[in-house]
Protein chains: 2
Amino acid sequence: MHAEQPVRSGRAKRLPRAVRERQIMDAAVDVFSRLGFHAASMDEISEVAGISKPMLYAYLGSKEELFATCIRREATRMMEAIANGVEAEEPPDVQLWSGLRAFFGFVGENRASWQVLHRQASSQGGPFAEELADMRGRAISLVAALLVHSSDFTNVPRAGDKEAESLAAALVGAGESLADWWLDNPEEPAGVVAARLMNLVWMGFGDLVAGDVWHPPSRRSEHASEGKEGV
Amino acid sequence: MHAEQPVRSGRAKRLPRAVRERQIMDAAVDVFSRLGFHAASMDEISEVAGISKPMLYAYLGSKEELFATCIRREATRMMEAIANGVEAEEPPDVQLWSGLRAFFGFVGENRASWQVLHRQASSQGGPFAEELADMRGRAISLVAALLVHSSDFTNVPRAGDKEAESLAAALVGAGESLADWWLDNPEEPAGVVAARLMNLVWMGFGDLVAGDVWHPPSRRSEHASEGKEGV
DNA sequence: CGCCTTACCTACTCGCCAGTAGGCTTACCT
DNA sequence: AGGTAAGCCTACTGGCGAGTAGGTAAGGCG
């Protein structure tokens, strides 16, 4: 939630192209996330960005190009945030936990990004959804690899790659969905939401109902049922 | 996927109001699901319905009213489908399984309904999202009740109502999301998708990775890892 | 048979928004 | 200083789509 700088009045100060482009992108993400692709108008985006419409067209092209660019930028930012949060040497459950925390952390601090990325991109058809599917694909591969690796650690014969991928898809889906739900129920901190999903997907209802919970390997240790780990 | 009856040419046959309203609603769901709320035009809906625009306005009111009516109708149909699939006397895991099968069965046979219901309704803000949130709320309560009841069956002290509700939210979210994913990957049968989610949420990755799976209490028995149950 | 209600139509208005034409101004470079 | 290019603007067009005005046919019923 950046504080978009206020509406301009009169001529805007001269700025180098790169800076303006950044401002415009920020404005576009903001407006697209609030209004949706169709309802968002180039007039409003230019106004929020503090410039006039022709500048918008001069720098970022048509409305569709602009939107696609937003999606690509935000997707990249998010994947990087997650990658930075995970240590490849840790055991699988810890890696998953770190990934979830990084993911929900990103969403929490970039609600607009997530909104435009997920809800808007997926409800417009066409090339936008593909862009998104692409990112989801990368995320799924990541998790699938984690799972395969994870069963290597155990004594289990072999949990087919295909099956791992399905499960990964389900988990990524659950994450997307929980993040969406969180948008509408923002009172809870990121750590709690992440812990909830971690427990659900790692332990399952079966265990939870029986009273078992997963919790991160001790650091400052946690009281029983709801990991309140930092964001 | 109903075969919408073809485009009319000339004057439409006189029909009683109730019948026309049904036709119009079907057309509206179809068009909204394909194009999204904003891109859908009243002209196109009226054309698909086989009547003229003023009829549309006469019967169903403004575009927004029409959309809201679609959401309500489809939400009701869906909740009924699920309710009909579940027997209150069964043990909790079986109830959950039946519910999931009914849910994915409905989505499979009513892709357009689901699309309009979930993707469209949630990406438009305003009263539409509320309508949807309402339905989700009912679904969550249902699952939460199931969970609470479920831990009554075990010897566990008590899994706070609040926590049950969170988990229910996560599960419902996972279901929504997996259904969405399924829209884009329609090759798999409903039963497989349902089984996948069942395993994920009931067993958890922890157990799955260790080689344990959940499967429905024997009927014609299933070979190991991927429940290919009905629907 | 004629009257009226209900179903249905064609043909507009009007506002909004993507995209553009054409011109002004400020900074930098020689 | 003065040229020039990069940054910026106001003010338009053109099309599309929501919603309406005002009229035509068809079935029912006295």
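Asker: Is there a simple way to explain the interface of chain B and chain A in this structure?
Answerer: The parts lose accessible area when they come together, and the size of an interface is often stated as this lost area. With 39 residues of chain B at the interface, the matching set in chain A holds 39 residues. For the interface between chain B and chain A, the tally reads zero salt bridges. There are four residue pairs in polar contact (both at pLDDT 80 or more) connecting chain B and chain A. Per-class residue counts for the side of chain B that touches chain A are 19 nonpolar, 14 polar and six charged.

Asker: Help me understand the nonpolar core in this model?
Answerer: Where a protein is soluble and globular, its nonpolar side chains tend to be buried together. Ranked by size, the top nonpolar core spans 146 residues in total, and within it A:Phe104 and B:Phe104 carry the most contacts. Apart from residues no more than four positions distant in its own chain, A:Phe104 is found in contact with A:Gly175, A:Leu178, A:Ala179, A:Trp182, A:Ala190, A:Val193, A:Ala194 and A:Leu197.

Asker: Can you walk me through the pattern of salt bridges in this structure?
Answerer: Two side chains bearing opposite charge may form a pair once their charged atoms approach each other closely. A full pass over the atoms with the stated rule returns 24 salt bridges over all chains. For A:Glu131, the salt bridge is made with A:Arg72, and the minimal N-O distance between the two is 3.0 Å. One end of the pair, A:Glu131, is in helix H7 (residues 126-153); the other, A:Arg72, is in helix H4 (residues 63-85), and 59 residues separate them in sequence. We note a salt bridge from B:Arg73 to B:Glu74, for which the minimum N-O separation is 3.0 Å. Of the residues examined, B:Arg73 reaches a relative accessible area of 23% and is grouped as partly exposed. Overlapping salt bridges, with partners in common, bring together A:Arg22, A:Asp26, A:Arg73, A:Glu74 and A:Arg77 in one network.

Asker: How should helix H5 (residues 92-109) of chain A be read in this particular structure?
Answerer: Since one α-helical turn is 3.6 residues long, residues separated by three or four positions face the same way. With 18 residues, H5(A) should reach 26 Å at 1.5 Å per residue; the first-to-last C-alpha distance of 26 Å fits that figure. With respect to burial, H5(A) is a largely interior element, 15 of its 18 residues being buried.

Asker: Got a minute to help me understand the packing of helix H1 (residues 17-35) of chain A against helix H2 (residues 42-49) of chain A in this structure?
Answerer: Two packed helices can be described by the angle between their axes and the distance between those axes. Residue and element names in this part refer to chain A. Their axes nearest at 8 Å, the elements H1 and H2 cross at an angle of 130°. Between H1 and H2, the angle is such that the two are oblique. The handedness of the crossing between H1 and H2 comes out as right-handed. The segment H1 lies against H2, with Gln23, Ile24, Ala27, Ala28, Asp30, Val31, Phe32, Arg34 and Leu35 engaging Glu44, Ile45, Val48 and Ala49. In the contact of H1 with H2, the residues fall into nine nonpolar, one polar and three charged.

Asker: Looking at this structure, how should I read the side chain of A:Asp180?
Answerer: Residues and elements named next belong to chain A. Summarising the element assignment, Asp180 is placed in helix H8 (residues 161-184). There is a polar contact of 3.2 Å between the side chain of Asp180 and the side chain of Trp114. Excluding anything up to four places from it in sequence, Asp180 contacts Trp114, His118 and Arg119.

Reading the values: the criteria
- Residues numbered from 1 in each chain as written.
- Chains lettered and ligands numbered in written order.
- Predicted model: local features only at pLDDT ≥ 70, side-chain atom pairs only at ≥ 80, totals over all residues.
- Heavy atoms only, no water.
- Contact = heavy atoms within 4.5 Å.
- Salt bridge = Lys/Arg side-chain N within 4 Å of Asp/Glu carboxyl O.
- Polar contact = N/O pair within 3.5 Å; in protein donor to acceptor, adjacent residues only side chain to side chain.
- Nonpolar A, V, L, I, M, F, W, Y, C, P; charged D, E, K, R; others polar.
- Core = buried A, V, L, I, M, F, W, Y, C linked by side-chain atoms within 4.5 Å.
- Buried < 20%, exposed > 50% of the residue type's maximum accessible area, 1.4 Å probe, protein only.
- Helix = DSSP H or I, 4+ residues; strand = E, 2+ residues; numbered from the N terminus.
- Expected span 1.5 Å × (residues − 1).
- Axes fitted to C-alpha atoms, helices over the stretch in contact; angles between N-to-C directions.
- Parallel < 35°, antiparallel > 145°, perpendicular 65-115°, else oblique.
- Left-handed = near helix turned anticlockwise from the far one by under 90°.

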